[in-house]
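The primary structure of each chain is shown beneath.
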Amino acid sequence: MGVVVIDGTTVRDFVNDDAHFTKSLDDQFTALDTNNDGVLSRAELRTAFDSMRLIESHFGIDVATSPEELKKLYDSIFDKFDCDGSGAVDKNEFRSEMKKIMLAVADGLGSFPIQMVLEDDDNSLLQKAADLEASKTAAT
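Below you will find a few notes about this structure. As the structure is a prediction and not an experimental result, all values here were calculated from the model.

Take the pattern of salt bridges next. Side chains bearing opposite charge may pair, as long as their charged atoms lie close to each other. Applying the stated criterion across every chain, the model contains 7 salt bridges. With its nearest N and O atoms 2.3 Å apart, the salt bridge here joins Arg12 to Asp107. Of this pair, Arg12 sits in helix H1 (residues 8-16) while Asp107 sits in helix H5 (residues 91-109), and the two are 95 residues apart along the sequence. On the basis of relative accessibility, which here comes to 31%, the residue Arg12 falls in the partly exposed class. As a salt-bridge pair, Lys71 and Asp75 come within 2.7 Å of each other at their nearest N and O atoms. Residue Lys71 and its partner Asp75 are located together in helix H4 (residues 67-81), separated by 4 residues, close to a single helical turn. The class for Lys71 is partly exposed, based on a relative accessible area of 48%. Salt bridges here are not isolated pairs; linked through shared partners, they connect Arg42, Lys71, Asp75 and Asp79.

Following this line, the structure appears as structure tokens:
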């Protein structure tokens, strides 16, 4: 785990840096595409959300959610990612939805820096945003 100082500008600058952001999303997509077929299935996307524990915790405290509620929620998230309704999420759909999510995160963080504890995860987009900002600061 590591502590970063981050704000909405940090995240927005990362999203707007096409080269870094696209590479980060492509790396994440490849890691999620466990059967290497070039698209994400419902199961692969669900595994990603399960591993992030976004649904089953509330401020770090585990909460009980029924399997039916989880299935409905995961299906609605998948449907949002699957823009063309093909039953699979391709790389462009993934990039598009993740960009929207990260810009929403940036808006939510606002302009006041906060300290955030991030788990060690090579695919953490927030960590990559903080690292990009740090590299720019170190270069000046």
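And the narrative resumes.
The relative placement of two aromatic rings is captured by the distance of their centres and the angle of their planes. Per the counting criterion, the structure on display carries 3 aromatic pairs. The interplanar angle of 85° and the centroid separation of 5.3 Å between the aromatic rings of Phe14 and Phe21 together place this pair among those described as edge-to-face. Both residues of the pair, Phe14 and Phe21, belong to the buried class. Centre to centre, the rings of Phe29 and Phe94 are 5.6 Å apart; their planes meet at 65°, and the pair counts as edge-to-face. Taken as a pair, Phe29 in helix H2 (residues 18-32) and Phe94 in helix H5 lie far apart in primary sequence, 65 residues in all.

The rules behind each value
Residues numbered from 1 in each chain as written. Predicted model: local features only at pLDDT ≥ 70, side-chain atom pairs only at ≥ 80, totals over all residues. Heavy atoms only, no water. Salt bridge = Lys/Arg side-chain N within 4 Å of Asp/Glu carboxyl O. Helix = DSSP H or I, 4+ residues; strand = E, 2+ residues; numbered from the N terminus. Buried < 20%, exposed > 50% of the residue type's maximum accessible area, 1.4 Å probe, protein only. Phe/Tyr/Trp six-rings, centres within 6.5 Å; stacked < 30°, edge-to-face > 60°.

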